[in-house]
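# Fold and geometry: a report
For reference, the chains in residue letters:
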Amino acid sequence: MTNNKDETIAAAIAVLRQNDRGHYTVPTHGLYPFQWNWDSCLSALGQSHYDEDRAWTEIETLFEHQWEDGMVPHIVFHEPDDGYFPGPDVWQTHRPVPTSGITQPAVAGFAIRRLYDRSPDKSKIATRATTLLSKVNRWHEWFYRCRDPKETGLVAIIHPWEAGRDNSVDWDVAFEEVPTEGVMPFTRRDTTHANPEHRPTQAQYERYIWLIQHFRNLGWDNTQLHDASPFQIVDPGFNGILLRSCSDIADLAAELGEQSISKSSAAIVEKGLDAMESLWSDEFNQYLCMDRRRSELIQSPSIAGLLAIFAYIRQDRGKCIAARISDLGTRATYLVPSHDPAAPEFDGSRYWRGPVWLIVNYMIADGLQRIKEHTTADAIVRSSLELIAHNGLAEYYDPHTGAGCGGAQFTWTAAMVLEFLQMQTPKTE
Ligand code: DGY
């Protein structure tokens, strides 16, 4: 692409506009032709740099499709498009506008707080913010009711797509428990849009689909799905994002005079941050995922355990994570690889088994800045900007070569570029 700041901004905005469908944005043309939950919330941050109203609309549209029980689905199928699998005919959630039946990382609370903070005229958007605040709060309540039935303070994902990290090494062992007998015959569409070498394997897809069929047979009843799932993982990154959003809506609610939301969200955060300690590993110097069915920490050094820094975790844990990222930097040209390059399962171009993702970089850098780990945060911002300057606005990047992988002209990558340019620490002469 280019190193010129104005040209970079123009290119990023062009991609955001190109993928804008009026009231929602698709992650990229072809590969992902609908509205994705966390893509939208993070993309709204990018939109806010040139059109604040459009940014609020992005998140409002998503929340128009919130389920009655409070869940916010991971995909909203606004318009038919058979270039994607699995479509609404597979999910069969029977919503007025079809949606998937699982959720995604709860980044909306963080996003609305950031949009609100950045708004030049808060009185103009107070009503929109208050309406969204209560919807986000209902979603958070849903998480702790339906995905933490034993009230541990940490929620579980029941499908890898919920974490967004579809084919992480973290799931390899737990995924063995997911059967493949009875999986419907299907044709993947993702591999017609992106290099199959960059995507999850067929064996993984069979298990993704098995889980969907299983939940569908249970009528998408969220009072049953958690316990009925053979896959229950407590992911520190996923919980970190949720806890950060709870902290953010606690503050926003206080500012908007919604004291009850503020108090209940603060209580969730206190309990959740204590519970996060059960995921810490001194051996790996980071948090790890836990297989809830086996009650075992998963010995897999993935980015999930670093992303936890997005929540207001203990300062000493944050310092260890900063050290861990510097250490990863000795084994990768670009930060932050989604899996440790030293691990045998690392694969630099296969989705979440090694590549760098700018949205994760953004959340980690934000957490590092909070605890004043500026050197590491700056290194991440620099890596991210170099990646896009040399390799365009790709979905993700090989941490060794910097090559762009997966989809191209990617919305949230464009949004993150606008954010990173703002985060850059000004150089002192
Ligand atoms: C996909 O289809 O690749 C998605 O990650 C599911 O959300």
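Model, not experiment: these values are computed from the prediction.

Right, let's get into the overall build of the protein chain. Across its full length, the protein chain carries 18 helices and nine strands. Relative to the 2.2 N^0.38 estimate, which gives 22 Å for 429 residues, the radius of gyration of the protein chain is 20 Å and therefore close to what a compact globule would have. The C-alpha extent of the protein chain, read off along each of the three principal axes, is 65 × 50 × 45 Å. Across the 429 residues of the protein chain, 63% fall into the buried class. Partitioning the intrachain contacts of the protein chain with sequence separation of at least 6 by distance along the chain shows that 71% fall at a separation of at least 24. Accessible surface for the protein chain amounts to roughly 15,800 Å². Of this, 48% is attributable to carbon and sulfur atoms. A distance of 2 Å separates the average location of the 39 positive side-chain charges in the protein chain from that of its 58 negative side-chain charges.

Across all of its chains, the model carries zero disulfides by this definition. Of all cysteine sulfurs, the one in cysteine 246 lies closest to cysteine 146, which takes part in no disulfide; the gap is 15 Å. Judged by relative accessible area, cysteine 146 falls into the buried class, the value being 8%. Cysteine 289 takes part in no disulfide bond, and the closest cysteine sulfur to it belongs to cysteine 320, at a distance of 18 Å. Overall, the relative accessible area of 3% leaves cysteine 289 in the buried class.

Topologically, arginine 353 is positioned in the loop between α15 (315–328) and α16 (358–370). In this structure arginine 353 comes out as buried when scored by relative accessible area, which is 12%. Once the C-alpha coordinates of arginine 353 and aspartate 340 are considered, the two residues, 13 residues apart in sequence, prove to be 8.7 Å apart. Among residues more than four places away in sequence, those in contact with arginine 353 are Asn167, Ser168, Val169, Asp172, Gln204, Ser338, His339, Glu345, Phe346 and Asp347. A distance of 2.9 Å separates the side chain of arginine 353 from the backbone oxygen of asparagine 167, its partner in a polar contact.

In the region of the ligand, the neighbouring residues are Tyr32, Trp36, His74, Tyr84, Trp161, Asp166, Arg199, Tyr205 and Tyr351. Here aspartate 166 contributes a side-chain N or O atom positioned 2.5 Å from an oxygen atom of the ligand. Tyrosine 351 places a side-chain nitrogen or oxygen 3.3 Å from an oxygen atom of the ligand. Protein coverage of the free-state accessible area of the ligand, which is 230 Å², stands at 96%. The site holding the ligand turns out to be the largest cavity. Among the residues forming the shell around the ligand, the class breakdown is six nonpolar, one polar and two charged.

What follows deals with the sheet that holds strand β3 (residues 233–234). Taken in spatial order, the three strands make up an open sheet running β3-β6-β7, and their pairing is antiparallel. Edge positions in the open sheet fall to β3 and β7 (296–297), since each of these has one partner strand only. Here β3 pairs with strand β6 (residues 290–291) via two bridges, running antiparallel. By the bridge assignment for β6, isoleucine 233 is matched with aspartate 291.

Moving on to the pattern of salt bridges. The tally for this structure, following the rule as stated, stands at 30 salt bridges. Notably, a salt bridge pairs aspartate 235 with arginine 165, separated by 2.8 Å at the nearest N-O pair. Taken as a pair, aspartate 235 in the loop between β3 and α12 (236–255) and arginine 165 in the loop between α7 (160–163) and α8 (172–175) lie far apart in primary sequence, 70 residues in all. Exposure class is identical for aspartate 235 and arginine 165. Each is buried. Residues arginine 324 and aspartate 340 are paired through a salt bridge, measuring 3.0 Å at the closest nitrogen-oxygen approach. One end of the pair, arginine 324, is in helix α15; the other, aspartate 340, is in the loop between α15 and α16, and 16 residues separate them in sequence. Exposure remark for aspartate 340: the relative accessible area of 7% places this residue in the buried category. It is possible to trace a salt-bridge network through shared partners that takes in Arg113, Arg114, Asp117, Arg244, Asp248, Asp251 and Asp366.

As a further point, take the packing of helix α5 (residues 108–118) against helix α6 (residues 122–146). Remark: α5 packs on α6, axes separated minimally by 10 Å, with the N-to-C direction vectors making an angle of 170°. Taken together, the axes of α5 and α6 are roughly antiparallel relative to one another. Where α5 abuts α6, its residues Ala108, Gly109, Ile112, Tyr116, Asp117 and Arg118 lie against Lys122, Ile125, Ala129, Leu132, Leu133, Val136 and Trp139. Taken together, the residues of the contact of α5 with α6 sort by class into nine nonpolar, one polar and three charged.

Here we take up empty space enclosed by the protein. Across all of its chains, the model carries two cavities of 30 Å³ or more by this definition. When its volume is computed, the largest cavity comes out at roughly 210 Å³. The wall of the largest cavity is formed by 19 residues, among which Tyr32, Trp36, Gln104, Asp166 and Tyr351 lie closest to the centre. Split into classes, the residues belonging to the lining of the largest cavity amount to twelve nonpolar, three polar and four charged. By volume, the second largest cavity is sized at about 40 Å³. Lining the second largest cavity are Trp38, Pro105, Ala163, Arg165, Asp235, Gly237, Phe238, Ile241 and Leu307. Looking at which element gives the most residues to the lining of the second largest cavity, the answer is α12, with three residues. Taken together, the residues of the lining of the second largest cavity sort by class into six nonpolar, one polar and two charged.

For any pair of aromatic rings, geometry is given as the distance between the ring centres together with the angle between the planes. As enumerated under the stated definition, the model contains 31 aromatic pairs in all. Relative to tryptophan 161, the ring of tryptophan 91 has its centre 6.3 Å away and its plane inclined at 45°; by these criteria the two rings are tilted. Residue tryptophan 91 is found in helix α4 (residues 88–91), and its partner tryptophan 161 is found in helix α7; the two are separated by 70 residues along the sequence. This pair shows no difference in class: tryptophan 91 is buried, exactly as tryptophan 161 is. Between the aromatic rings of phenylalanine 175 and tyrosine 208, the centroid separation amounts to 5.8 Å while the plane-to-plane angle is 50°, which identifies the pairing as tilted. You can see phenylalanine 175 sitting in helix α8 and its partner tyrosine 208 sitting in helix α10 (residues 202–217), a full 33 residues away along the chain. Residue classification places phenylalanine 175 among the buried positions, given a relative accessible area of 6%. Here tyrosine 208 falls in the buried class, since its relative accessible area comes to 0%. Aromatic ring contacts, followed pair by pair, group Tyr32, Phe34, Trp36, Trp38, Phe77, Tyr84, Tyr351, Trp352, Trp357, Tyr396, Phe410 and Trp412 into a single cluster. We note lysine 122 situated over the ring of tyrosine 116; from NZ or CZ to the ring centre the distance is 5.4 Å.

Procedures and definitions
Residues numbered from 1 in each chain as written. Predicted model: local features only at pLDDT ≥ 70, side-chain atom pairs only at ≥ 80, totals over all residues. Heavy atoms only, no water. Helix = DSSP H or I, 4+ residues; strand = E, 2+ residues; numbered from the N terminus. Rg over C-alpha atoms; globule rule 2.2 N^0.38 Å. Buried < 20%, exposed > 50% of the residue type's maximum accessible area, 1.4 Å probe, protein only. Contact = heavy atoms within 4.5 Å. Areas by Shrake-Rupley, 256 points an atom, 1.4 Å probe, with all protein chains shown as cover. Lys, Arg positive; Asp, Glu negative; His and termini not counted. Charge placed at Lys NZ, Arg CZ, Asp CG, Glu CD. Disulfide = S-S within 2.5 Å. Polar contact = N/O pair within 3.5 Å; in protein donor to acceptor, adjacent residues only side chain to side chain. Near = heavy atom within 4 Å. 1 Å grid on protein atoms, 1.4 Å probe; cavity = no way out; pocket = protein on both sides within 12 Å on 5 of 7 lines; lining within 4 Å. Sits in = over half its atoms within 2 Å of the grid points. Nonpolar A, V, L, I, M, F, W, Y, C, P; charged D, E, K, R; others polar. Pairing = 2+ DSSP bridges. Salt bridge = Lys/Arg side-chain N within 4 Å of Asp/Glu carboxyl O. Axes fitted to C-alpha atoms, helices over the stretch in contact; angles between N-to-C directions. Parallel < 35°, antiparallel > 145°, perpendicular 65-115°, else oblique. Points joined across faces, edges and corners; volume = space filled by probe spheres on them. Phe/Tyr/Trp six-rings, centres within 6.5 Å; stacked < 30°, edge-to-face > 60°. Lys NZ or Arg CZ within 6 Å of the ring centre and 35° of its normal.

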